[in-house]
Structures are given as structure tokens and as C-alpha cells.
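The chain contents come next:
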Amino acid sequence: MLLTVTLNPSIDRSYYVEGFNKNGVYRTKYEKITSGGKGLNVSRVLKKLDMDVMATGFLGGKSGEYIKDELDRLSIINDFVNIDGETRNCIAILSDDGSHTEILEKGPVITEEYFYLFLKKFENILEQNSDIKFVSVSGSIPQGLKDNVYKRLIMYSNKFDIKIILDSSGEYLKNGIEAKPFLIKPNLDEINSLLNKNLNQKNFIEEIENLELENIIVSLGEDGAIAKLKNNFYRIMIPKINVINPVGSGDSMIAGFMIGYEKDYDDIRLLKFATACGMSNAITKTTGDIDLNFLKDIINKIEIKNV
Ligand code: ADP
């Protein structure tokens, strides 16, 4: 069983409009509504690939009920702390020129009491499900909680030999890596912000080595990725594809990594599978979804070399 943590989930509304610009009024060509927050995207992809998955975090109000119903419908086991506030909405506007604009609600304030309830739940889940050895914690931290929340979760998990993938940004990532998560998967902006640099794809291998983390994947969108797995560095090169909606590609990559790791894939197979999951998300309309036929096909077109 794989566990995903989403502290700040959302209902994600993706609107597809033609010729999107500031100040206009637009009718959607089509829209997609999914339960979101990075961790829930990871959960959906894990489920689509037939894994047993459990999701936890905070849910509240009518939006929270909507998300719980969707998780039940997808047979994703869910055990969230119910809060007074209303789970947020996040809006993505995708247009025919390839532009992609996001508006993210701040979301509810989580009190220390609720966080305490969450910690208890997290502990219970891990105690009662001894088969959970791998956890992803993703996304932003809700208002009201301290920046070191992820650090606390990682420190707790490390004690029990549970591996945590941390996929976050800014202060949450900076703080979290102090507790040495098993893997981080920043994109180029996130790694630059973490290192306080403006590096390009060629010159940050030494920099990521200095972070002294066991595993790091820096995902580079259409340019593939660079990975450090233990002491090996890899450049992952991908072919050009017809992208429809890249939102959630990083989350899908994490789902792919979790599966490959659970199945004991070697580095190359693991990275190819994770990358193919990211790419496969980018060609679907729905955030955090993958096309299984595309996945099978594209995996053979990804090239990896040691660097
Ligand atoms: P994030 O969603 O975290 O910002 P990326 O955009 O880097 O992460 O995407 C993660 C992975 O998904 C990439 O390494 C790549 O394999 C795939 N991917 C994302 N965007 C594209 C794209 N435009 N074309 C091809 N592959 C993509």
C-alpha cells in the first residue's frame, strides 16, 4: 500500500477557452473538474496503475464531501481529518495558444488542534498498515500551520524507516529537506529557488550533490529531467509530444517513481517509467490522469545516459 498526504487539497477546475486574454469574457470549450492538490493527483495515477493507495490530509465543507465522494468512487482508500472550514477551489485556464493561467484559493486555516489530530491519524495509519513503507507528501501547507510541518512528518517517518517523497516548493521544501526526505522532485524554478540561484539545465549537477540528499529528480518539463539516485547522475531525454494539459505531470512522475521503486526496478527502468508517467499525463485533458497506451509506447522512446 502507498500513502499520499495532501494537507491543502482542492477541487481543481480546468477551463479550456480559445483566445484567452486579460479583461475578456469567455465561454469554455470544455471543462474538467477533479479532486486536486498534488497528493490527490498522485493518488489517482497510482490507482489507475492498479496500486493500492490510501490518501490522507484535511477536508472540509461541501468541497471536502465532493472530494471524499470522488475518492470513494475511484476506490482510493481515504482517511482525512474533517475540519470546520471549506476545502478550496483552484482554477486553471488553458488556452489554444498553449498559455496556462492558474488561480489558487488560499484555502481554510488549519489550527494547531487540527494538526495534532492529523499527526495522531498519520501515526495510526502507519501503525495499523505495516505494509505502508512509502509515503508522498506534496503541495502547499495550509494557512495556520508552520513551515516546518513537512520536516516534522519526515522526521517521524524516518524513525520508522518509512520513506518519504517530498514534492513541495519555497520554504516548505527548504525546511523539509533538513529532515532528509528519501526523494525530492523539484522542477527547474523550484530547484533554483531552493538553491537561490539561476541555474540552467547544464550546471546544477554539482549544486544538487551539495544538498546531500539520497535521491533528487529535477524535472524539466518538455526537456525531460536530471536525476541523482544515490551516487549516480542521469540525464533523461524525451521526444517531443503533443501536449494537452501538463498540469499534474510532476505528480504523475512521482506516482511512477513510487511504483517503480515498490517493484524494485533498476535505476534506468525506474526513471523511464516515472518520466513516461509524467509525459502521459501531459497528453490527457484531466489533471493527474494518464493514458495507458501512450505510456506503454512512449517508455521505449525515452533515453537515459549517465552523466
Ligand atoms: P511539474 O509538473 O512538477 O512542474 P514538470 O513540468 O517538469 O513537473 O513535468 C514532469 C515531467 O512530465 C517531465 O520531466 C516530463 O517527463 C513530463 N512533461 C511535463 N511537461 C511536458 C511537456 N510539455 N512535454 C513533454 N513532457 C512533459
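All of the points below concern the structure found in this document. Everything numeric in this text was worked out from a predicted model, so none of it was measured.

Section: the site of the ligand
- The environment of the ligand is made up of 16 residues, and the closest members are Asn-187, Ser-219, Gly-221, Gly-224 and Gly-250.
- In the model, an oxygen atom of the ligand is placed 2.8 Å from a nitrogen or oxygen of the Ser-219 side chain.
- Interatomic distance of 2.9 Å between a backbone N/O atom of Gly-224 and an oxygen atom of the ligand.
- Alone, the ligand offers 550 Å² of accessible surface; in the complex the protein occludes 86% of this.

Quick word on helix α1 (residues 38-48)
- Burial of α1 is extensive: eight of the 11 residues sit out of reach of the surface.
- Taken together, the buried positions of α1 are occupied by Gly-39, Leu-40, Asn-41, Val-42, Ser-43, Arg-44, Val-45 and Leu-46.
- Following α1 by one or two positions, Asp-50 adopts a phi angle in the positive range, close to 70°.

Digging into the packing of aromatic side chains
- All told, the structure shown has 12 aromatic pairs when counted by the stated rule.
- A ring pair is formed by Tyr-156 and Phe-160, whose centres lie 5.0 Å apart and whose planes are at 40°; its orientation type is tilted.
- With a relative accessible area of 16%, Tyr-156 lands in the buried category.
- Joined through ring pairs, the aromatic side chains of Phe-58, Phe-115, Phe-118, Phe-122, Tyr-156 and Phe-160 make up one cluster.
- Lying across the ring of Tyr-265, Arg-269 places its NZ or CZ 3.8 Å from the centre.
- Over the ring of Tyr-30 we find Lys-285; its NZ or CZ atom is 4.1 Å from the centre of that ring.

Some remarks on the pattern of salt bridges
- The final tally for this structure, using the stated rule, is 14 salt bridges.
- The partner of Arg-44 in a salt bridge is Glu-70, with the nearest N and O atoms 4.0 Å apart. Of this pair, Arg-44 sits in helix α1 while Glu-70 sits in helix α2 (residues 61-73), placing them 26 residues apart in sequence. Each of the two residues, Arg-44 as well as Glu-70, counts as buried.
- Each of Lys-38, Asp-167 and Asp-251 takes part in a single network of salt bridges with overlapping partners.

Some details on α2
- For α2, which comprises 13 residues, the first-to-last C-alpha distance of 18 Å matches the rise-based estimate of 18 Å (1.5 Å per residue) to within 8%.
- Within α2 the residues assigned to the buried category are Ser-63, Gly-64, Ile-67, Glu-70 and Leu-71. For α2, the arc enclosing every buried residue in end-on projection is 125°, short of the 170-degree limit, so these residues lie on one face. Opposite the buried face of α2, at more than 90 degrees from it, the exposed residues are Lys-62, Asp-69 and Arg-73.
- On its buried face, α2 sits against β2 (10-17), β3 (30-36), α1, β4 (53-60) and β5 (77-78).

Here's the deal with the sheet that holds strand β7 (residues 88-95)
- Read across the open sheet, the four strands follow the order β3-β2-β7-β8; overall the sheet is mixed. Two strands bound the open sheet, and with one partner strand each, they are β3 and β8 (100-104). Direction aside, neighbouring strands of the sheet carry axes that sit 15° apart on average.
- Pairing between β7 and β8: five bridges, direction antiparallel. Residue pairing across strands places Ala-92 opposite Glu-102, the latter belonging to β8.
- Where α1 meets the sheet, it contacts β2 and β3, and its direction lies at approximately 95° from that of β3.

Thresholds, definitions, all that
- Residues numbered from 1 in each chain as written.
- Predicted model: local features only at pLDDT ≥ 70, side-chain atom pairs only at ≥ 80, totals over all residues.
- Heavy atoms only, no water.
- Near = heavy atom within 4 Å.
- Polar contact = N/O pair within 3.5 Å; in protein donor to acceptor, adjacent residues only side chain to side chain.
- Areas by Shrake-Rupley, 256 points an atom, 1.4 Å probe, with all protein chains shown as cover.
- Buried < 20%, exposed > 50% of the residue type's maximum accessible area, 1.4 Å probe, protein only.
- Helix = DSSP H or I, 4+ residues; strand = E, 2+ residues; numbered from the N terminus.
- Phe/Tyr/Trp six-rings, centres within 6.5 Å; stacked < 30°, edge-to-face > 60°.
- Lys NZ or Arg CZ within 6 Å of the ring centre and 35° of its normal.
- Salt bridge = Lys/Arg side-chain N within 4 Å of Asp/Glu carboxyl O.
- Expected span 1.5 Å × (residues − 1).
- Arc of directions from axis to C-beta.
- Contact = heavy atoms within 4.5 Å.
- Pairing = 2+ DSSP bridges.
- Axes fitted to C-alpha atoms, helices over the stretch in contact; angles between N-to-C directions.

Without other data, these values stay purely geometric and don't point to any function.
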